[in-house]
Amino acid sequence: MMYSNPIISGFHPDPSICKAGDDFYLVTSSFDYFPGIPLFHSTDLVNWSQIGHVLTRESQLPLTRQHSFTTSQGIYAPTIRYHNGRFYVITTNITIRKSFFVWADDPKGPWSEPIFIEGLLGYDPSLFFDDDGKVYLTAASFPGFGPEGIIQTEIDIETGEMKSETQLIWEGTGGSSPEGPHLYKINGMYYLLIAEGGTEYGHMVTIARSKSPYGPFESNPNNPILSNRSSTKPIQATGHADLIQTEEGSWWAVFLGFRPVKSTKTHHLGRETNLAPVEWSEERWPTIGNNGRAEVENEVPALPIGNPEQWLEKEDFLGQTLAPVWNFNRNPSENSWSLTEKPGYLSLMGQSCTLNDTGSPAFVGRRQQHFNCEVSTFMEFTPKEDGEEAGLTVYMNEKYHYDIAKTYKQGKTYLIFRRIVGSMQIVEAEVEYNDASVILGVEATDTSFTFTYSSTTGDAVVIGTGETSLLSTQIAGGFTGLYFAMYATGNGKASTTPACFDFFEYKPGL
């Protein structure tokens, strides 16, 4: 049978995987979005369903900005492990510059409060439970705090206390940014899997092994064991992998990669989760994929594949909680959103914070997961004060987004189309519009977005367009991908009236 990569499309980077019985569980990075660490379940490694998030409370995931040294903050590179009937997820919250882990007896939660690793000068932490009961924490060293490379310590899994000083155990093969380490014990040997080359076109997976968890580690003479660098493969920047073995004995790797747009060489969907088989040589070294290359189409004779989850095109906001696909931009204010204020609608109350700020605007969005797609939403909104605004955004970060919105100015209501591209901020279209309700839409291709509006009885009218490349990672920076989001703002003050969204529709294209 065949399957296609990515197995989880859109912004889902740094995948980590574990196995519990016949079930597989996978987590990915979430950066500034809340809830944090999307959690997926599968029985065949190919078809995945999101069953929730690991970090669902602000006490677990504070995202209020304290510094501005990087565009993307929040949760970096979680690792999930299953040991003695308990699930563990360890990660770093870059916003507060602390690493921690949480645990749960049921992956659907509730997950514990964070157990912080005090004194750890590293990121991308991973856990390894050895046969003798010892628990090792492996991480990438923070730049500027000693040699660049992979560090390790033994920890108390109950308290998070480090039981030994951290030791530098491997500097990698010489590629930039050795990070994303995972330690395994396979056939009596300790294998250390890492990412090198930076999470860009030079990204790669390398491996070393030792008879001891602290080394010395012998580098695989055939490193890297996975990289699509210097190729024209549709998937690029392959790296940051995690290994898993099935009950039947076959080995697999999950890893990140992005799909660049052919005509621009840029990417805007974000780094996605992919899967490839792992082969072992007679010398007991692994190779991932097709001789170290990641392919879109893969044959899986040893993997019984089930049926994919049906794509839900329309969200009617009829429940008491939001589905797992939805996120807030950082920790939402309690009064900024509601599913009960107007039953059957998502109500957003504009805050003083805007999409251009590093605070938390009234924002509910989901990842763009397809190059070609159409999204639309039905909004009821009657602004009453100058500056009150609500609508639909295509959002990469606070400095790069396109917005179609309804707003109020000098006694009149308008529909506007705005482009925020770095220091260029311009309202490109403004149309007087007096109806209380409007349908806002975006049609996406790999190279462009087309923004439309319509009344409940009229045809869709194009109000603006924007290039996907201007919202790409290469231009906008950061480590995320694009979101389609409903939002509201008072542009410097709280709004006096909510924006109510009856539905949100996302139709994938070919």
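Rules used throughout
- Residues numbered from 1 in each chain as written.
- Predicted model: local features only at pLDDT ≥ 70, side-chain atom pairs only at ≥ 80, totals over all residues.
- Heavy atoms only, no water.
- Phe/Tyr/Trp six-rings, centres within 6.5 Å; stacked < 30°, edge-to-face > 60°.
- Helix = DSSP H or I, 4+ residues; strand = E, 2+ residues; numbered from the N terminus.
- Buried < 20%, exposed > 50% of the residue type's maximum accessible area, 1.4 Å probe, protein only.
- Polar contact = N/O pair within 3.5 Å; in protein donor to acceptor, adjacent residues only side chain to side chain.
- Contact = heavy atoms within 4.5 Å.
- Pairing = 2+ DSSP bridges.

**Q** Help me understand the packing of aromatic side chains, please; the structure alone is not making it clear to me.
**A** Any pair of aromatic rings gets described here by the distance separating the centres and the angle formed by the planes. Within the structure shown, the criterion is met by 34 aromatic pairs. When the centroid spacing of 5.2 Å and the interplanar angle of 45° are considered together, the rings of Tyr 88 and Phe 129 count as tilted. Taken together, the positions of Tyr 88 in strand β8 (residues 86–93) and Phe 129 in strand β11 (residues 122–129) put the pair 41 residues apart, joining distant regions of the chain. Overall, the relative accessible area of 6% leaves Tyr 88 in the buried class. Geometrically, the ring pair formed by Tyr 123 and Phe 142 is stacked, given 5.7 Å between the ring centres and 25° between the ring planes. Of this pair, Tyr 123 sits in strand β11 while Phe 142 sits in the loop between β12 (135–141) and β13 (150–155), and the two are 19 residues apart along the sequence.

**Q** Would you mind showing me how to read the side chain of Thr 468 here?
**A** By secondary structure assignment, the location of Thr 468 is in the loop between β36 (461–467) and α1 (473–476). From its side chain, Thr 468 meets the backbone oxygen of Asp 446 in a polar contact 2.8 Å long. Once you skip the residues sitting within four places of it in the chain, Thr 468 turns out to touch His 268, Thr 445, Asp 446, Thr 447, Ser 448 and Phe 449.

**Q** What's the story with the sheet that holds strand β15 (residues 179–186) in this structure? I'm lost.
**A** The pairing of strands in a sheet happens through backbone hydrogen bonds and is either parallel or antiparallel. Spatially, β15-β16-β17-β18 is the arrangement adopted by the 4 strands of the open sheet, whose pairing is antiparallel. Among the strands making up the open sheet, the edge pair consists of β15 and β18 (218–219). Inspection of the sheet shows strand β17 (residues 204–210) paired to β18 by 2 bridges, in the antiparallel sense. Bridge assignment links Ala 208 to a residue of β18, and that residue is Ser 219.

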